[in-house]
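Single-letter residue listing:
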Amino acid sequence: MIAKLVSGPRPLTPGLWPLTNMRRIDERACLFVVCIVLSVCLSPLRSSAQGHESTSSMQTTESITLDGNAPAHPFPHFWERMFGSGRAILSLRESYRDDLRLVKSITSFDYVRFHAIFHDEVGVYSEDAQGKPAYNFSYVDQIYDGLLANGVKPFVEISFMPNDLAAKRALHAFWYKQNVAPPKDWQKWDDLISAFVSHLVERYGIDEVASWYFEVWNEPNLDFWAGEPKQETYWQLYDHTARAVKKINSGLRVGGPATAQAAWVDAFIRHCAENNVPVDFVSTHVYGNDTAQDVFGTDENIPREKMVCLAVKKVHDQILASSQPKLPLIFSEYNASYKNEIDITDSTYMGPWLADTIRQCDGLVDMMSYWTFSDVFEEQGVVKTPFYGGYGLIAERSIPKPAFNAFKLLHHLGTERLDAASDSLLLTRKPDSSFAVALWNYAKPEDAKRSVTLKLSHIKARRATIWRLDADHGNVLKEDARLGAPRYPTLAQIQQLRRAAELPAPESTEVKNGELHIDMAGNALVVIELK
């Protein structure tokens, strides 16, 4: 992920650092402090924004035709197969595994990606006084055993540098102070990769490990890599690592460059082709509030609602234009924000944002990994309050946020997408030939309403089941504000917040004369099943 300085696509110990072009960490740390103060002191504003409708609400009315005979294409659920999380060692916590199981229960969660499997706290690598390496895979086994026991496979990010193997002491600003230096000895690095991958194959079997992914490092174009010059030294790291992985078994999947801001991909593919370096997939990252200058080298003002999929299309097109146009594309980090923005990642805004991102990115990417599934996350240090704009779908103490409910609703979508003349709707068909529709309202201001009449053509549905996510449905921030936004909620308050986070039972209504009328509040997501 890029800079995760919050507690995801980034939290750190609160503090003020000078801003750099390459780093968003410093900005996040400052925002972390500000968000805590705002969450405590300005809770009435949150209550107003999340829980009340203006008497002067605007309303638009429109009609959309849903045609069951419209052109259709496969619609794999690329947005819900993989999630990011806090660093490797956190996966040993029961709270992490509780949240993993909760997200697994409402999505098609197959893979999880996290940083720092080679951090010293995992204990993989050390050297004796004579410089002889020693390996210890005890915690690695516990980490991966825990994932597999819960039905999730590792998307193995190979990072960071063990201190005994590092060429220098280059500690990153994150709270857990990972070393981001290159290795002091490339042969020792190769040997570590060989021993690590061999151990995994011996423990889990080649068929299992061949279904995993091995991604080399994290965001080497930012301050997660201290090699200089950055690109050339990252190529060296990638070449050594990829060849060492493939030497164990050619069927294992390895890729990169795992860059921030959708960077380097065209150059990376060209480098691999020209130097005969193995690559099985391309990975990179983007966030909704990345700038056009950083992603495209332009001065455009690209809105949060468009940035992610414009970046996805950029990379998709680069792959198509390369010498390896069939390389799978994996965005191994994305989210609406890399900052701590309560009114974004903790709010109902995530319902329309996620649905619209799925609509725009459909057909351009093989898999996208939302950063992150849980706020069991410590890049900025220990979490200090449940709601601070963290990346997770679930706040600390296993309290689901609206983003969790957005994933839960969108899981109802079918496996075929049909064309529809709307940029705020997804029409899908399920394997049983029933239809599922996602409809959303990106209205601004917050309380602007939207009224839609869905006209069904070649869809013989008698009843509609309707789920809603908005300020009054599945929105835990409303209850948090009512409780006074407690920094340390009591056990009783935690239970209240969990109950408030639950989606209410869906509505069931009759489809009359082939039409269905839907009213939506601002920043609302509605999912409808038609049978």
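Thresholds applied
Residues numbered from 1 in each chain as written. Predicted model: local features only at pLDDT ≥ 70, side-chain atom pairs only at ≥ 80, totals over all residues. Heavy atoms only, no water. Helix = DSSP H or I, 4+ residues; strand = E, 2+ residues; numbered from the N terminus. Areas by Shrake-Rupley, 256 points an atom, 1.4 Å probe, with all protein chains shown as cover. Expected span 1.5 Å × (residues − 1). Polar contact = N/O pair within 3.5 Å; in protein donor to acceptor, adjacent residues only side chain to side chain. Phe/Tyr/Trp six-rings, centres within 6.5 Å; stacked < 30°, edge-to-face > 60°. Lys NZ or Arg CZ within 6 Å of the ring centre and 35° of its normal. Contact = heavy atoms within 4.5 Å. Disulfide = S-S within 2.5 Å. Buried < 20%, exposed > 50% of the residue type's maximum accessible area, 1.4 Å probe, protein only. Core = buried A, V, L, I, M, F, W, Y, C linked by side-chain atoms within 4.5 Å. Pairing = 2+ DSSP bridges. Right-handed = clockwise from strand over helix to strand, strands pointing away. Axes fitted to C-alpha atoms, helices over the stretch in contact; angles between N-to-C directions. Parallel < 35°, antiparallel > 145°, perpendicular 65-115°, else oblique. Left-handed = near helix turned anticlockwise from the far one by under 90°.

1. Overview of the overall build of the protein chain
Broken down by element type, the protein chain carries 15 helices and 22 strands. Accessible surface, the protein chain as shown: approximately 19700 Å² in total, 50% of it carbon and sulfur.

2. Focus: helix α5 (residues 186-204)
The terminal C-alpha atoms of α5, which comprises 19 residues, lie 27 Å apart, in line with the 27 Å expected from a rise of 1.5 Å per residue. Where α5 begins, one side-chain oxygen reaches toward the backbone nitrogen of Q187, 2.9 Å away; that side chain belongs to D185. Remark: G205 follows α5 within two positions and exhibits a positive phi of approximately 90°.

3. Let's talk about the packing of aromatic side chains
Overall, the coordinates contain 36 aromatic pairs when judged by the stated rule. Ring geometry for W235 and W264: centres 5.7 Å apart, planes at 70°, overall edge-to-face. Here the residue W235 occupies a position in helix α7 (residues 230-248), and W264 occupies one in the loop between β9 (254-259) and α8 (265-274), the gap between them amounting to 29 residues. Ring-pair connections join several aromatic residues into one group, and the members of that group are F118, Y125, Y135, F137, F160, F174, Y176, W189, F196, W217, F224 and W225. Just above the ring of Y213 sits the side chain of R253; from NZ or CZ to the centre is 3.8 Å.

4. Quick word on the environment of V112
Within the secondary structure, V112 is located in strand β4 (residues 111-114). The contacts of V112, once residues within four sequence positions are left out, are F83, S85, Y96, L147, V152, K153, P154, F155 and F373.

5. Details of the state of the cysteines
Evaluated as defined, the whole model comprises 1 disulfide. Disulfide pairing places C309 opposite C361 at an S-S distance of 2.0 Å. The sign of the -105° torsion about the S-S bond sets the C309-C361 disulfide as left-handed. You can see C309 sitting in helix α10 (residues 304-320) and its partner C361 sitting in helix α12 (residues 350-361), a full 52 residues away along the chain. C361 carries the same exposure label as C309, and that label is buried.

6. Digging into the nonpolar core
Taken as a class, soluble globular proteins show a tendency for nonpolar side chains to be buried jointly. Y144, W189, F196, F214, Y238, L410 and L525 are the most contacted members of the largest nonpolar core, which totals 125 residues. In terms of residue count, α5 provides more of this core than any other element does, 10 residues in total.

7. Topic: the pairing of strand β10 (residues 281-287)
Counting buried residues along β10, 7 of its 7 residues qualify, which places the element largely inside the surrounding structure. Side chains of β10 alternate between two faces, with F281, S283, H285 and Y287 and V282, T284 and V286 buried alike. When β9 meets β10, the two strands line up parallel, connected through 4 bridges. For G255, the partnering residue across the bridge sits in β10 and is F281. A crossover links β9 with its parallel partner β10, the connecting element being α8, and its sense is right-handed. Sheet topology note: the β10/strand β11 (residues 329-335) ladder contains 6 bridges and is parallel. What sits directly across from V286, in β11, is Y334.

8. A look at the sheet that holds strand β3 (residues 82-84)
Consider a sheet: its strands pair through backbone hydrogen bonds, and that pairing is either parallel or antiparallel. Spatially, β3-β4-β7-β8-β9-β10-β11-β12 is the arrangement adopted by the 8 strands of the closed barrel, whose pairing is parallel. The mean angle between the axes of side-by-side strands here comes to 25°, regardless of whether they run parallel or antiparallel. The strands that α7 touches are β7 (153-158), β8 (213-216) and β9; relative to β9, the one it contacts most, it runs at about 155°.

9. Re helix α13 (residues 402-410)
Where burial is concerned, most of α13 is hidden: 8 out of the 9 residues are buried. Among all positions in α13, only P402, A403, F404, N405, A406, F407, L409 and L410 are buried.

10. Digging into unusual backbone geometry
For the peptide bond that leads from G256 to P257, omega is 5°, which places it in the cis range. Across the junction of W371 and T372, the peptide omega takes the value 10°, indicating a cis bond. As for its placement among the helices and strands, T372 is situated in the loop between β12 (367-370) and β13 (394-395). Phi at E219 takes a positive value of approximately 45°, unusual for a residue other than glycine.

11. Regarding the pairing of β4
Where burial is concerned, the two faces of β4 agree: the one with Y111 and R113 and the one with V112 and F114 are both buried. Running through helix α3 (residues 94-104), the crossover from β3 to the neighbouring parallel element β4 is right-handed. In the sheet, β4 pairs with β7 via 4 bridges, with the strands oriented parallel. The residue of β7 that forms the bridge with R113 is F155.

12. A short note on the side chain of T107
In this fold, T107 is placed in the loop between α3 and β4. Judged by its relative accessible area of 8%, T107 falls in the buried class. A distance of 3.3 Å separates a polar atom in the side chain of T107 from the backbone nitrogen of F109. Once you skip the residues sitting within four places of it in the chain, T107 turns out to touch E80, F83, F407 and H411.

13. Focus on the packing of α8 against α10
Relative orientation of the contacting elements α8 and α10 amounts to 25°, with a least axis distance of 9 Å. Put simply, α8 runs roughly parallel to α10. As for how α8 packs across α10, the hand of that crossing is right-handed. For the pair α8 and α10, contact is made by V265, D266 and I269 and by V315, Q318 and I319, respectively.

14. Thoughts on the sheet that holds strand β16 (residues 425-429)
Pairing within the open sheet is antiparallel, and its 7 strands lie in the order β2-β15-β16-β17-β22-β19-β20. The strands lining the two open edges of the sheet, one partner per strand, are β2 (72-74) and β20 (507-510). Shown here is a sheet whose adjacent strand axes are inclined to one another by a mean of 25°, direction ignored. Of the pairings in the sheet, the one linking strand β19 (residues 463-469) to strand β22 (residues 524-530) comprises 6 bridges and is antiparallel in character. When the bridges of β22 are listed, L469 appears paired with L525.

So, to be careful, I would describe these as geometric facts and stop short of saying anything about function.
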